[in-house]
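# What the coordinates show
Given next are the chains, with one letter for each unit.
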Amino acid sequence: MSEGLGPEGGHSQPSPTITVQDLSDRPAHTPLDRIPPAHTLLDGNTPVEQVSGVVEETSPSSTSSFELVDMEPAPPLYQPVQPHWFYCRRVDSKDMWLPFSREDSERLEHALSTAGEEEVVVAVEGERYDVRVRERQRYAVYWEQGPSEVRRCTWFYKGDKDTRYMPYPEEFSTNLEEAYMIAVTLDEWKRKLDFPSGETVILHNPKLIMQYQPITLQDEWVSSPSEQTRPRTVKRGVDNITTEIPDGEPETIDHLVFMVHGIGPACDIRFRSIIQCVNDFRSASLSLLGSHYRRGQEEGRVGRVEFLPVNWHSALHGDATGVDEDIQRITLPSISRLRHFTNDTLLDLFFYNSPTYCQTIVDTVASEVNKLHSLFKHRHPEFTGAVSVVGHSLGSLILFDLLTNQKTGSGEADRDEGRNRDPCPLTCDALEQALCRMGLQEHLATLQSVDLDLDSLAMCDETDLTELGIPLGPRKKILSFIRKRHFLQEGRQGTVLLAPGLQALPDPSEDSPSPTVSFGNQSSEASARRQQFLRAQSITSAVDYEYFDVGIGQVSINYPQLAFHPQTFFAFGSPIGMFLTVRGLKRIDPNYTFPTCKNFYNIYHPFDPVAYRIEPMIVSESDLEPMLIPHHKGRKRMHLELKESLTRMSTDLKNNVLGSFRTAWQSLVRMPVAALPPVEDGETTAERSLQETESNTYAHTQSVHEEVESPGSAEDKGRQVKVGMLNGGRRIDYVLQEAPIESFNEYLFAIQSHLCYWESEDTALLLLKEIYDKLGVAFEQPQQ
């Protein structure tokens, strides 16, 4: 097909030449090279009245007799085609045209008809995109994404190898519609439309319209003439093609969720971005709301949950940091693809453990979340719901550290304080300011009583501070501050702080005083002290254990404040437990909770190699199994039920065999006894046997009843166990049920298990249940 008629062609198309030709004696699929030349050609700009006159002269059914015309059946009335709006999405280097919902399409059509010549912006797809109607472009609101083309579609085509119908450009569709209107009005068919670019469209009848491509545009390797002239099917109107038009989203938003990705730019096994993965998760939640909260939707109590992606990877690996260029210079040239993958993904873990890049990551996540929250509130001023956060993989650790360092005051005041606060207390120039940053302002009067300022304090040692009566804890803080401030000042003066065995020397080739590194021994006493300090700092300075007993040790950076207090924090496939252990934290105090977030769920797949549990760090004395997340269809997966049944059967069989063996052994070693127990007075042997049978039957029934009730009772006990206040006293660890195919080889599906959460309906349903339980909306299990 020519460039002007392809799905990419949005520019103006030359008007077609309408060939008035009777093709009734030719089969519908006769090749174009066998069609006789047309005898009447009209330009597409010819008025309809002139076209009608020519058609009447050449048509075999036209006549001037009123009686003959009246005897023929009345031609069908022409009905204008109903347009539907589509947008273009680039998938695997191909353009895919997808329809808007009917509500969005109607809004776009109404805006086009009432806008006039001015540009009109229409919010579509839950107000996550804006469409500029006159420009025919669709723009993302909450994330960076290039504009995509929008088209008002009325005519569609599909070739033999196409899987779905593609829309024609708007001007070409207009030309087809005009020719179709003439054919319907005059009841004249089998007419041919020739375009200057070589395409030909033949209107055989209202149900059969074909398009033929010119032979010159075909590939050279096509040999058969029949393949060269193979037609495309043409359809009029979106109702006559096979396409799934999405349902519109509810306008009311009950809850807002921010989703933070993990390492690397790709988030799932198909290497899709965080935007695409969140779109799938949002679609799954909308489907589950329609199936599990149908009554709430009918009563108007359930709207929808909005999920917005938070991208921090591009900021870390962008031109602003220059880290990619630095890493590339030291990367070996061998196995380039594997090394590129490692640099782009796995190094994010090391970056987060570096105070420099950890600050960049945390600042990016917090600023992006606050920006999205502000933009969302601006576009939805009526929103009064709560906000939650979701973190996947490393993203969960980032959110965990952020939430640990939030303040309980008002969000706006905390943000102002975070903006005005010096990121490092080492740069304090006033004694009072320095003590306040260290939380030791109560000792200000003691130091001022002996006329100590910040410079004189820097010359004090532990003996001097002891004589002043400063306790041990504050004394250690002051001494650590003095040492760090001293070496920071040396670093600002141009002295590079290096590991032992490295020496900083000026570069003779440069005029600048910036030092270079050479190997050698540092003889000065200051260098020796600096090296000793660096060795100590390389072990201890990266972690702040201020809340070691009740909190979490983290990288010592400035943690910004969020603009809201999250209601719930959901962690997907999270390594939080492992990182806390590596940081030296052996347990989490049961009384510890996030300052501004009172709910926390650790959700993981049983085969996820990156996920770790949290509850054993809180309740170490009991062996708690994680809570099993129910299947979204309301039952346990069949293979898990079968596995439990077989396990229980083997246990019963083992117990029965051991019991029989024990009984036989006891009968061999014990002394002979009477065959029957003594019969009490007034009791017959038959009555005694009947009583024993009833007693045994009752005991067996009780055993079976307890066995059946044991799973439920165990689950209830698991829910009632107190596992600290991190989730308000409720359970924290929740495990998904593996799919049947995954149970055959857990190693084979390990990587996929870490990336499965974005498409997991069970995970989405757990989030919805937690959100709507707090809104007082009951959960409904649909009937299967």
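Residues numbered from 1 in each chain as written. Predicted model: local features only at pLDDT ≥ 70, side-chain atom pairs only at ≥ 80, totals over all residues. Heavy atoms only, no water.

### What about helix 12 (residues 394-404)?
Within helix 12, 11 of the 11 residues are buried, leaving the element largely enclosed by the surrounding structure. Of the positions making up helix 12, those classed as buried are L394, G395, S396, L397, I398, L399, F400, D401, L402, L403 and T404. (Buried < 20%, exposed > 50% of the residue type's maximum accessible area, 1.4 Å probe, protein only. Helix = DSSP H or I, 4+ residues; strand = E, 2+ residues; numbered from the N terminus.)

### Section: the nonpolar core
Ranked by size, the top nonpolar core spans 107 residues in total, and within it F258, F569 and F600 carry the most contacts. F258 has contacts with L308, V310, V369, L372, H373, V387, S388, V389, V390 and F564, leaving out every residue within four places of it along the chain. With 26 residues, the next largest nonpolar core counts W97, Y180, L193 and I241 among its residues. (Core = buried A, V, L, I, M, F, W, Y, C linked by side-chain atoms within 4.5 Å. Contact = heavy atoms within 4.5 Å.)

### Focus: the packing of aromatic side chains
Within this structure, the stated rule accounts for 23 aromatic pairs. Between F351 and Y357, the aromatic rings sit 5.1 Å apart at their centres with planes inclined by 55 degrees, giving tilted as the arrangement. Measuring from centroid to centroid gives 6.2 Å for F569 and F594, while their planes differ by 65 degrees, and the two rings are edge-to-face. Note that F569 is positioned in strand 22 (residues 569-572) and F594 in the loop between helix 20 (576-582) and strand 23 (600-604), a separation of 25 residues in sequence. Both residues of the pair, F569 and F594, count as buried. Counting every residue linked through ring pairs, the aromatic cluster contains F400, F569, Y592, F594 and F600. The residue whose ring lies beneath R132 is Y139, and the NZ or CZ to ring-centre distance is 4.4 Å. Looking at R138, its charged tip hangs above the ring of Y129, at a distance of 3.7 Å from the centre. (Phe/Tyr/Trp six-rings, centres within 6.5 Å; stacked < 30°, edge-to-face > 60°. Lys NZ or Arg CZ within 6 Å of the ring centre and 35° of its normal.)

### Focus: the pairing of strand 6 (residues 129-132)
Consecutive side chains of a regular strand alternate in pointing toward one face of the sheet and then the other. Alignment of strand 5 (residues 121-124) against strand 6, held across 4 bridges, turns out to be antiparallel. Within strand 6, the position partnered with V121 by the bridge is R132. Taking the residues that link successive antiparallel strands as the turn, the strand 5-strand 6 hairpin has 4 residues, and the phi of E125 there is positive, at about 55 degrees. One ladder, built from 4 bridges, connects strand 6 with strand 7 (residues 137-140); its direction is antiparallel. Its bridge partner lying in strand 7, V131 is registered against R138. Between the antiparallel neighbours strand 6 and strand 7 lie 4 residues, among them R136 with a positive phi of about 60 degrees. (Pairing = 2+ DSSP bridges.)

### Quick look at unusual backbone geometry
Leaving glycine aside, a negative phi is the common case for residues, and trans is the common case for peptide bonds. Not every positive phi belongs to a glycine, and D187 is a case in point at roughly 55 degrees. Note that D187 resides in the loop between helix 4 (170-186) and strand 11 (191-194). Assessed through its relative accessible area of 36%, D187 is described here as partly exposed. The phi torsion at I335 lies on the positive side, around 35 degrees, for a residue other than glycine. Here I335 lies in the loop between helix 9 (323-330) and helix 10 (336-352).

### So, the sheet that holds strand 25 (residues 733-735)
The strand order 16-15-17-22-23-25-24 describes an open sheet built from 7 strands, whose pairing is parallel. Each having just a single partner strand, strand 16 (304-310) and strand 24 (627-628) make up the two edges of the open sheet. Here strand 15 (residues 253-260) pairs with strand 17 (residues 386-392) via 6 bridges, running parallel. The partner of H255 across the bridge, within strand 17, is A386. Of the strands in this sheet, strand 15, strand 17, strand 22 and strand 23 are in contact with helix 12, which crosses strand 17 at around 135 degrees. (Axes fitted to C-alpha atoms, helices over the stretch in contact; angles between N-to-C directions.)

### A few points about a nonpolar patch on the surface
Taken together, F271, I335, L338, F341 and L346 make up a surface patch of nonpolar side chains, about 530 Å² in accessible area. Summarising the element assignment, F271 is placed in the loop between strand 15 and helix 6 (274-292). The exposure class assigned to F271 is exposed, which follows from its relative accessible area of 62%. (Patch = residues over 30% accessible without salt bridge, like charges linked within 9 Å, V, L, I, M, F, W, Y side chains within 5 Å. Areas by Shrake-Rupley, 256 points an atom, 1.4 Å probe, with all protein chains shown as cover. Salt bridge = Lys/Arg side-chain N within 4 Å of Asp/Glu carboxyl O.)

### Describing the pairing of strand 8 (residues 148-153)
One ladder, built from 4 bridges, connects strand 3 (residues 84-91) with strand 8; its direction is antiparallel. Each bridged residue has a counterpart across the sheet, and for H84 the counterpart in strand 8 is C153. Judged from the 2 bridges that link them, strand 7 and strand 8 form a sheet pairing that is antiparallel. Within the sheet, the bridge partner assigned to Q137 lies in strand 8 and is E149.

### Some details on the sheet that holds strand 7
Ordered in space as 4-3-8-7-6-5, the 6 strands form an open sheet in which the pairing is antiparallel. Looking at the sheet topology across the chains shown, the edges are occupied by strand 4 (94-99) and strand 5. Mean inter-strand twist for the sheet, computed between neighbouring axes without regard to direction, equals 35 degrees. The sheet strands contacting helix 3 (residues 102-115) are strand 3, strand 5, strand 6 and strand 8, and the helix crosses strand 5 at an angle near 175 degrees.

### Description of the environment of L580
On the secondary structure map, L580 appears in helix 20. Between the C-alpha atom of L580 and that of M617, which follows or precedes it by 37 residues, the distance is 9.4 Å.

### Here's the deal with the packing of helix 10 against helix 12
In the contact formed by helix 10 and helix 12, the axes pass within 11 Å of each other and the chain directions differ by 15 degrees. On the basis of the axis angle, helix 10 is roughly parallel to helix 12. Two packed elements cross with a definite hand, and for helix 10 against helix 12 that hand is left-handed. In this structure, helix 10 uses D348, L349 and Y352 to contact helix 12, whose residues at the interface are L394, L397, I398 and D401. For the contact of helix 10 with helix 12, the residue count by class is 5 nonpolar, no polar and 2 charged. (Parallel < 35°, antiparallel > 145°, perpendicular 65-115°, else oblique. Left-handed = near helix turned anticlockwise from the far one by under 90°. Nonpolar A, V, L, I, M, F, W, Y, C, P; charged D, E, K, R; others polar.)

### What to know about the environment of A266
Considering the arrangement of structural elements, one finds A266 in the loop between strand 15 and helix 6. Residue class for A266 comes out partly exposed when judged on its relative accessible area of 24%. It is 8.7 Å that separates the C-alpha atoms of A266 and T345, two residues lying 79 residues apart in sequence. Apart from the residues lying within four places of it in its own chain, the contact partners of A266 are F271 and R272.

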